[in-house]
Amino acid sequence: MPKPMLINKLSMHCFRGASQPVDLAFDITKPLVMIFGENGTGKSTIIDAIDLLVNEQIGSIADRSSATVAKHGPTIGKKPADVSVEVASGTQQWKGMLTGSRAAVTGPAPRPTVHVLRRSRLRRLIEAEPAERYKALAKFIDVQGVEASENALAAAVATLNSSLTAAIQQKQQSDDGLAELWNAEGKPGSTAIAWGRQKSKQDVSTLQAGVTLLNSVLGHTATAAAQDVQYQTAVTARRSAQQTVDAVKAEIAVLPGLAPEQAVQLIGMLESANAIISTPGQPEKCPVCEQPKDLKQLKSSLDSQLAGMRTLRDIQKRLSTAEATLAGAVQNVNSSSSTLLVSFERLAKVLQATPPSPVAALGIAWSTHATDDAGRKPDTTAAEASAAIAQLAATVAALQADRDAHTKDLNQHNAIRQHCQRIDEADELVRTSDEVLKRLRRLLDIVRDRRLRFTQGVLDAVAAEANRLYGEIHPDENIGLGSLRLDTAKRGSLHQDGHFNGHTDVPPQAYFSDSHLDTLGFCVWLALAKREDPADAILVIDDVFTSVDAPHLTRIIDLLAVECTSFCQVIVTTHYRNWRDRYRVSHGPGNNVQLIELQRWTLLRGISPRTSTLAIDDLATAITATSFDRQIICSRAGILLEAILDGLSLQYRCSIARTRDGDYTLGELMDGCTKLFKTLTIRRPKAGDSSGATEDIAMKPLLNSVGSLAFVRNQVGCHFNLAGSDISDADICRFGDDTVALVRAVTCTECGDMCRRKKGTFFECTCGKTQMTPLMI
Amino acid sequence: MTAKVKTTPNATLAALIADEVVQSGLVPTAKREELLAKLIAGTATAEDWRLYVELEIAASEAESSNAKANADQ
């Protein structure tokens, strides 16, 4: 199993407040590192350095406006290239640099897991919009892969359900359609479906063939009829043309004189002579008889003869035209006759085998009008074809009626068959898919239910842990986090409810005070950090408890002392001296804490850390120091005693005369605790004994012993006092030793804490190894 | 130092679902690993779900047919 990665060293130079090179060594044997420093001593710089190296961000700059990494990451007056930040974990090291506006880190993967909490982010979860809150928790509850698969499953259910519904609807429609047809037929048979199935099985090929034949006959009949019309028209035109020719010929026959051919020749000669005579420069004598001629008279005579003969010529032209028209008409008759006979033959071919009954009734021998099997063509005339077509035309209405009736029967059969087919298909679909649908629905229920329970379970666990922590800080205050719940109507949305003085489902941000919101934010953050492999994680908390009062802070300190053992390392910064002093004077598990104190910062000096030690260790060191300082020993012993007795007297409500300022002298405290120490007993594991055996230590002798020399504190450790000079070094040493013995007796040797937690019939220390009785005096 | 493999909530939930649907007899055991991978990747399609169900139905029917045949013998 890999060891958790703790930070054992941090080095910085030219980074934020680290104007000088500074190294911080973290004691990895201590689960908690406390970095105390007054304001402006460099606490946030340390946190920023860690954040930079493990998360590649500088949160304190990111949280502030008008501040950029490039410009404000380096120490003032320095450049990004000057920045040097290093963190070490064991033998591994990471170095951070600033490149422009970004942080770049080199080093091995993976880096330590560090959760950083800053003041600016304390309430982010609490005050965020539901979508932002969801994002913060997404890594714990995001189950997108399962959700996508669930959606696909839901789609499968919907699709199959639709198909089944559609099939059932279609079946219903087909049932209704079939029933309608069945009703129309007079409800034959037992049921519509039985009747339908029977009808579906009927052979309709004859019906089909009948419709085909009728369509063919009607088609060919129409074609032949159209051809016949054209033929008749051509015959009529030919007759008319013939009549025209005959009429013109009749006109010619009644004209007297020359035969038409001769007259035409003569007209030609006379026209030629007229043309010669009309030409200027003609001789005055006739070239034939040489007699003088009167050209004017001759021309006038020619014109008169020609006029008489032109009428004949016109008639001749008309005759030519009429004969040409007649020839055309004859050709048309022949052509249309051929076309008619072709279409008539086709018609005859269709009718020759099995003519429909209206046609058969005509008694026409259709086979004689079609080419026979030997290839002999029929000798049907156009007139015969025309006559037959005229007879056939009379049957068209009956043929159409037959065809329509057959078509109707065929359509009905098809409809019945289709309805039955659809009913059968729907039944089959329902049979095969019904079980599938049932199982898919069950699957969907399981997946959905499991997902909701899982995610809500995580949220409930986070809320419960946050509430538990919150209860430690705010006991008996009737305030807390109610629940975290997903918005079922909106993906990626997380709501929170608080409870406040008996009212539930209230938004915390509406009713909680600032400090209550701060502590709630801290508890939720801590609860989340505990979910994410805490044993491998480092918590870094940067001076976040600024709004919390002393009693609550005491509880937070105690809480952290316990919770830090869940993580591999916790680093806390604070400006709250009280917190540090509590550990120093054994009012907390000082043995588990490394105390680092940051001294006053200047640009020249930079960040100046030094290790703080526990007061008991300081006293023990002073007692054994080569240079024996009486005042320091007495002073330290007195302060330590006061701290211990003050704590015990408060815990046991010892009787001490009240003072206005709440401060008590050592003497007052010792007197007040005398009754307590009579019965005060410490039980702890025997040193060096691994069997689990314990030893009981009675505190009375120890108090008596230290009490006998308590006077040396004032005389040597506090005030100028000549009488103090008479006190020997041995007495001072004994006073110191007795103080050390008392303090070590009353505090746990493991965690260094006093026994302050009530548990059953005794008090116990933070780690639980040391117990103190009684519970009360 | 080797990195610890982190399990995501999605993977955890996918495993829970895969186990439950197999135990419920809705998905064949032989398809558990395939289903788990698809749940994690979010790639299970409507056709996949239907196929798993149909395979399980077919297997159940085959089993009951065999049982009937054995009983008849």
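That block above? That's the structure.
None of the values given here were measured: they were computed from a predicted structure.

**Overview of unusual backbone geometry**
Residue and element names in this part refer to chain A.
Then step 1. The peptide bond linking A109 to P110 adopts the cis configuration, its omega dihedral lying at -5°.
Then step 2. Mapping P110 onto the fold places it in the loop between β6 (102-106) and β7 (113-118).
Then step 3. With an omega of 5°, the peptide bond running from T773 to P774 counts as cis.
Then step 4. Positive phi, normally seen in glycine, also occurs at S586, with a value near 65°.
Then step 5. When you line up the elements, S586 lands in the loop between α17 (577-584) and β13 (593-598).

**Things to note about the pattern of salt bridges**
Side chains that carry opposite charge are capable of pairing whenever their charged atoms lie near each other.
Residues and elements named next belong to chain A.
Then step 1. For the coordinates displayed, the defined rule picks out 49 salt bridges over all chains.
Then step 2. A salt bridge links R119 to D518, with the shortest nitrogen-to-oxygen separation between them at 3.2 Å. Of this pair, R119 sits in the loop between β7 and α4 (124-127) while D518 sits in helix α15 (residues 514-531), and the two are 399 residues apart along the sequence.
Then step 3. Here the salt bridges share partners, and the residues they tie into one network are R16, D48, D51, R118 and D542.

**Structural notes on the sheet that holds strand β2 (residues 22-25) of chain A**
Within a sheet, each strand pairs with its neighbour through backbone hydrogen bonds, oriented either parallel or antiparallel.
All names here are of chain A.
Then step 1. The strand order β2-β1-β4-β5-β6 describes an open sheet built from 5 strands, whose pairing is antiparallel. The open sheet has two free edges, formed respectively by β2 and β6, since each of these has just one partner strand. Across the sheet, the mean angle separating the axes of adjacent strands is 15° when strand polarity is ignored.
Then step 2. As judged from the 4 bridges shared by strand β1 (residues 9-13) and β2, these two strands associate in the antiparallel manner. Counted as the bridge partner of K9 is A25 from β2.
Then step 3. Across the sheet, helix α1 (residues 43-55) is in contact with β1, β2, β4 (84-89), β5 (92-99) and β6; its angle to β1 comes to roughly 105°.

**As for the nonpolar core**
Then step 1. Counting residues in each nonpolar core, the largest one holds 135 residues, and the members touching the most others are L440, F522, F545, L648 and F677 of chain A together with W49 of chain B.
Then step 2. No other element matches helix α13 (residues 396-473) of chain A, which puts 16 residues into this core.
Then step 3. In terms of nonpolar packing, the next biggest core, distinct from the first, is built from 38 residues, V22, L53, V105 and V116 of chain A among them.

**Describing the sheet that holds strand β10 (residues 503-506) of chain A**
Residue and element names in this part refer to chain A.
Then step 1. A sheet is described by the order of its strands in space; here 3 strands give the open sequence β8-β9-β10, paired in antiparallel fashion. With one partner strand each, in any of the chains shown, β8 (479-486) and β10 form the two edges of the open sheet. Strand-to-strand, the axes of this sheet are offset by a mean angle of 20°, without reference to chain direction.
Then step 2. One ladder, built from 2 bridges, connects strand β9 (residues 494-500) with β10; its direction is antiparallel. Paired with F500 across the strands is H503, a residue of β10.
Then step 3. Across the face of the sheet, helix α5 (residues 130-141) comes into contact with β8 and β9 while running at roughly 100° to β9.

**Quick notes on helix α7 (residues 192-201) of chain A**
All names here are of chain A.
Then step 1. Every buried residue belonging to α7 is among A192, W195, G196, K199 and S200, and all of these are buried. Down the axis, α7 shows its buried residues gathered within 135° of arc, on one side only. In α7, the exposed residues that point more than 90 degrees away from the buried face are Q198 and K201.

Here is what the cut-offs are and how they apply
Residues numbered from 1 in each chain as written. Chains lettered and ligands numbered in written order. Predicted model: local features only at pLDDT ≥ 70, side-chain atom pairs only at ≥ 80, totals over all residues. Heavy atoms only, no water. Helix = DSSP H or I, 4+ residues; strand = E, 2+ residues; numbered from the N terminus. Salt bridge = Lys/Arg side-chain N within 4 Å of Asp/Glu carboxyl O. Pairing = 2+ DSSP bridges. Axes fitted to C-alpha atoms, helices over the stretch in contact; angles between N-to-C directions. Contact = heavy atoms within 4.5 Å. Core = buried A, V, L, I, M, F, W, Y, C linked by side-chain atoms within 4.5 Å. Buried < 20%, exposed > 50% of the residue type's maximum accessible area, 1.4 Å probe, protein only. Arc of directions from axis to C-beta.

What is shown is where atoms sit, not what they do.
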